[in-house]
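# Structural characterization, general
Okay, here's what each chain looks like letter by letter:
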Amino acid sequence: MTKILSPRLVIVVLAAALLVYPLVLSGAFYRDIGVTFLLAAISASAWNIVGGYAGQVSVGHSMFFGLGAYTPLLFYTQWGWPPMAAIPVAIALAIGLSIVIGMPTFRLTGHYFSMATIAVAELIRIFTGTWDFVGAAIGLQGPAIARGWWDLTFRSELPYYYLFLVVLAFLLAVTSFIERRRFGFYLRAIKSSERAARSLGVPVRRTKMQALALSAAFTSVAGSLYVIKTGFIDPDSGFGILISVQMVIIAALGGAGTLFGPLVGALILIPLQSATNTWFGGGGSGLTYILYGGIIVLIARFEPGGLFDLWNRVAPGLRGALRKRRHA
Amino acid sequence: MPDGGKLLDATNVSKKFGEFRAVAGADLAVNAGDIIGLIGPNGAGTSTFFNCLAGETVPSGGRIVFDGKDLTRASPEAHARAGIGRTFQVPTTFADMSVIHNVMVGAFLRHPHRNDARDKARAVLELTGLRPDQPARSLGTPGRKRLEIARALATEPRLLLLDESLAGLTPSELQEAIALVRQIHQSGVTIVIVEHIMEVIMTLTRHVLVFNQGHVIASGTPDSVVREPAVIEAYLGRSHRRPPPDPSPANGGG
Amino acid sequence: MVFLQVIVGGLLLGAIYALFSSGLTLIWGMMNFINFAHGEFVMLGMYVAFLVVVWIGGGPAIFTLAAAFALLLLGIAIYLSLIRHVIRGPMLAQILSTFGLALLLRYTAFYIFSANFVSLPQTWLAGTINLAGIYLPVAQLVGGILAIVLTLALHVLLTRTVMGSRLLAVAEDRAAAMLMGIRPDRMQMLAWGLSAGAAGIAGALMATAYPWSPSVGETFGLIAFVVVALGGFGSVLGSLYAGLIIGLIQAMSAFWLGAIYKDIVVYGLFVALLWFRPQGLMGKA
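These numbers come from a predicted model, not from an experiment.

In terms of nonpolar packing, the biggest core is built from 183 residues, with Phe-20, Trp-192, Met-206 and Trp-212 of chain C touching the most fellow members. When residues no more than four places from it in sequence are discounted, the contact partners of Trp-192 of chain C are Ile-27, Met-31, Phe-33, Asn-35, Phe-41, Gly-75, Ile-78, Tyr-79, Ile-83 and Thr-98 of chain C. Of all hydrophobic cores here, the second largest spans 49 residues; its members include Leu-200 of chain A together with Ala-177, Ile-178 and Ile-184 of chain B.

So this is what it looks like as structure tokens:
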């Protein structure tokens, strides 16, 4: 039984499934969900670096997403750049913002950081709505017709799907890389006990800042991917609290601080979200968020480690029970 | 600073919390190879002084010099880098990580590459007799205390500060722990230990500082200090929650 | 004259900010815990007032008491069912617990009451009063004054009564309090009740003077953070000063820069505080 479910095999199967998914389920609806799923997985995995591994709970990560979303379209509308070319600028801005937030708050207890993330995200959202340079409340639009391949406006969802898949794979590879190195160990130590970590020479504040910067950079990329696909951004779709919420709940549901937790969380929540939006119709988004709130509270109260922890607790018992039945 | 090769030199250390003076003008000189005990009734200032040495508490006054470097206001991280390791009175292991991963966090200080850190961790675990792959949370209190010692050892400290790391153990566990500390000491690590268990103080340490109400009231070999009237009065002369230090090995001191 | 009106209006609103923020700071002082759903408590207080008026037709005294009582119970219930458990766990659980709760309460309110702004029908607090050339809505004046009185009452409760000293003892040193026979669990439960109750009253008072919708909870929550940060985490008196100051700053920002900017300035102030003076005016960091 354990052989059949070896982790390596599961990963290979998963990767294969993701690769062929849009070819097998080629309808527009399925591809759309696929793209949404990948984007959500990228955002949540990015959040996971600082929120899951390091335990610094940001509830305003949309500020980085929004930066990543606005910058490409800004460079396009103001100076005609292909949106994709401004991605490095967006990353730099996101890292800069992460430093502004991290510097003062990381020397205080964890709650300050969380509060600061909400406050700054809201601050930026409201401010963006008043600033004409970035489109104020109306927002910005991207190229309607491609001027060349570099504008990345595809009519089919397929290229976006594979582009996002590559980015997700890259992000997971980076996360896996740091997970096994000193940086990853230090992150987990910080999450577990900053006090003990300090006593062992871990440079706590600097490590947290690095984690936040890395997380911010990838979240910004997620935002950029989003606008490249949708071609439109406004304060709410860029900096809204619901974007922050989605990142957190997806990572936490699957298992914050695990490599594949965000993926699993997205696998469950994105189809669920699509379903509730269809069932509940117009009032759908309201009910979806009631559901999200409820799920978050349940996770916090009963299983903060998410499905990953739940599986680890339940699986040995299941295996034992299955073995008993076989021999009974 | 010309101090005749003292490893740690704490002079006139004091700490006030608001109006309350936890430590008043304490001195401690530690030579390389020493094994020194800090004792005192509850609230005597021993823990506060200890935390000043470890860098967790910044003293209100005085100086702490380690290996020629002034660490008075230095952070705990800087202390660790300088070569001071410590354990915590209430074990603070990384519960979500395995035993070996716990120790690796310490080992990474001097061995940035994972394989080297892992090798170092394994070596330390062999010394302390812990199984590497179990989750830290599955350890009982004695195991956790042992893990904390291992973890601190992995940072290759020259000075190891043990904060009641031998409290709450059964008699046989206590003997094992004493043997471990002795072994660590013999490998060249200088040790300062806060303890309430008389057997530990009497058998392990060569020099003892006795605190009471923030002051050092006695300083000398364990035998001489235990006979001093001031010390006896400190322990027996006032009502407190902790019973006076009991020379019998079975008493964990509470 | 207009300027003076802006100032007084700002101070009166600030008084209400002080009232609900004092609850938040109390919880922080006692448990080192931030309630991300605190703004929603205020919002719920407003809707309780609304429901009382709609169902029973009660006046301000009745619906304010109802809001106080309802939120008091809610605070205790939340402590017992959720907070008590997560406080012992990882930071992620602590922060997610009230964050999720905030979403739950906010969107349930959206679902039940819709996103439209509502206001209470006129009560005997209707009309404006002319004080030395300044025109003040009676409801705002009464609300503001009452808020100051209640905040001071909370401060007095904490510092001069036996129960208050027990609450403070738990905040100061849990272990020592236990040894004195005080039960931290019970005190914390009480603190949650007080905190939520204060928020409920603040909500009811605001409902008499300003229109609202379920979205206000998010704003109030953030304002409470700023007030608590400015006044000092753990200090009720600090919340009073800070609340008044924030109300004033908000009013002046709206006056000079435009209504959209009033929140931006306050949030910006929060970030500045984190950078330069996290312990605020009067508190412990």
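All names here are of chain A. Together, Leu-19, Val-20, Leu-23, Val-24, Leu-25, Phe-29 and Tyr-30 make up a nonpolar patch on the protein surface, roughly 660 Å² of accessible area in all. Put simply, the parts of the chain that give the nonpolar patch at least two residues each are helix H1 (7–24) and helix H2 (28–53). Per element, the largest residue contribution to the nonpolar patch is four residues, and it comes from H1.

Once that is clear, we can look at the interface of chain C and chain A. Between chain C and chain A, the residue contacts involve 42 residues of the former and 43 residues of the latter. Here chain C and chain A share an interface that buries about 3,900 Å² over both sides, 82% of which is from carbon and sulfur atoms. Where chain C packs against chain A, one counts zero salt bridges. Connecting chain C to chain A are five residue pairs in polar contact (both at pLDDT 80 or more). Only helix H3 (60–86), helix H4 (91–113), helix H9 (216–231) and helix H11 (261–276) of chain C provide two or more residues apiece to the side of chain C that touches chain A. No other element matches the 16 residues that H4 of chain C contributes to the side of chain C that touches chain A. Partitioning the side of chain C that touches chain A into residue classes produces 31 nonpolar, eight polar and three charged.

Contacts between chain B and chain A engage 25 residues on the former and 19 residues on the latter. Counting the surface lost from both chain B and chain A, the interface buries some 1,900 Å², and carbon and sulfur atoms represent 64% of this. Per-residue buried area on chain B facing chain A is highest for Glu-77, Phe-94 and Phe-108 of chain B; these three make up 27% of the total on that side. Our count for the contact surface shared by chain B and chain A stands at two salt bridges. Across the pair Glu-56 of chain B and Arg-195 of chain A runs a salt bridge whose closest N-O atoms are separated by 2.5 Å.

Turning our eyes to something else, we now look at the pattern of salt bridges. Counted under the stated rule, the structure contains 22 salt bridges over all chains. The salt bridge involving Glu-122 of chain A is made with Arg-125 of chain A; its shortest N-O contact spans 2.8 Å. With Glu-122 of chain A and Arg-125 of chain A both in helix H5 (residues 110–130) and three residues apart, the pair spans about one turn of that helix. Look at Arg-125 of chain A and you get partly exposed, because its relative accessible area is 21%. Arg-137 of chain B is paired through a salt bridge with Asp-96 of chain B; the nearest N and O atoms lie 2.4 Å apart. With Arg-137 of chain B in the loop between helix H4 (114–128) and helix H5 (141–153) and Asp-96 of chain B in the loop between strand E6 (84–86) and helix H3 (99–107), this pair connects stretches of sequence that are 41 residues apart.

What follows covers the sheet that holds strand E10 (residues 215–220) of chain B. The strands making up a sheet are joined through hydrogen bonds of the backbone, oriented either antiparallel or parallel. All names here are of chain B. Here we have six strands laid out as an open sheet, ordered E6-E7-E8-E3-E9-E10, and mixed in their pairing. In the strand order of this sheet, the two ends are held by E6 and E10, each with one partner. Taken over all neighbouring pairs, the strand axes of this sheet differ in orientation by 20° on average, direction set aside. When strand E9 (residues 207–212) meets E10, the two strands line up antiparallel, connected through five bridges. Considered in E10, the bridge of Val-210 is made with Ala-218. Sitting on the sheet, helix H1 (residues 46–54) is in contact with strand E3 (35–39), E6, strand E7 (159–163), strand E8 (190–194) and E9, with an inclination near 150° to E7. The strands touched by helix H9 (residues 229–236) are E3, E9 and E10; relative to E10, the strand with the most contacts, the crossing angle is about 130°.

So, on to the confidence of the model for chain B. Residues and elements named next belong to chain B. Per-residue confidence for chain B averages 87 on the pLDDT scale, and 91% of its residues sit at or above 70. Within chain B, no element has a lower average pLDDT than H9, which sits at 79, and none a higher one than H3, at 96. In this model, residues 250–254 is a region of pLDDT below 50 whose contacts with residues beyond four sequence positions or in other chains number six contacts.

Now for the packing of aromatic side chains. Going through the model one piece at a time under the given rule, you end up with 33 aromatic pairs over all chains. Taking the centre distance of 4.0 Å and the plane angle of 20° together, the rings of Tyr-47 of chain C and Phe-113 of chain C count as stacked. With Tyr-47 of chain C in helix H2 (residues 38–55) and Phe-113 of chain C in helix H4, the pair connects residues that are 66 residues apart, well separated along the chain. Classification of Tyr-47 of chain C as buried rests on a relative accessible area of 2%. When the ring of Tyr-47 of chain C is compared with that of Trp-212 of chain C, the centres are 5.6 Å apart and the planes differ by 80°; the resulting orientation is edge-to-face. Separated by 165 residues along the polypeptide, Tyr-47 of chain C in helix H2 and Trp-212 of chain C in the loop between helix H8 (184–209) and H9 bring together distant segments of the chain. The aromatic ring of Phe-185 of chain A is capped on one face by Arg-188 of chain A, whose charged end is 5.1 Å from the ring centroid.

Reading the values: rules and limits
Residues numbered from 1 in each chain as written. Chains lettered and ligands numbered in written order. Predicted model: local features only at pLDDT ≥ 70, side-chain atom pairs only at ≥ 80, totals over all residues. Heavy atoms only, no water. Core = buried A, V, L, I, M, F, W, Y, C linked by side-chain atoms within 4.5 Å. Buried < 20%, exposed > 50% of the residue type's maximum accessible area, 1.4 Å probe, protein only. Contact = heavy atoms within 4.5 Å. Patch = residues over 30% accessible without salt bridge, like charges linked within 9 Å, V, L, I, M, F, W, Y side chains within 5 Å. Areas by Shrake-Rupley, 256 points an atom, 1.4 Å probe, with all protein chains shown as cover. Salt bridge = Lys/Arg side-chain N within 4 Å of Asp/Glu carboxyl O. Helix = DSSP H or I, 4+ residues; strand = E, 2+ residues; numbered from the N terminus. Buried area = accessible area lost by both parts, 1.4 Å probe. Polar contact = N/O pair within 3.5 Å; in protein donor to acceptor, adjacent residues only side chain to side chain. Nonpolar A, V, L, I, M, F, W, Y, C, P; charged D, E, K, R; others polar. Pairing = 2+ DSSP bridges. Axes fitted to C-alpha atoms, helices over the stretch in contact; angles between N-to-C directions. pLDDT = per-residue confidence, 0-100. Phe/Tyr/Trp six-rings, centres within 6.5 Å; stacked < 30°, edge-to-face > 60°. Lys NZ or Arg CZ within 6 Å of the ring centre and 35° of its normal.

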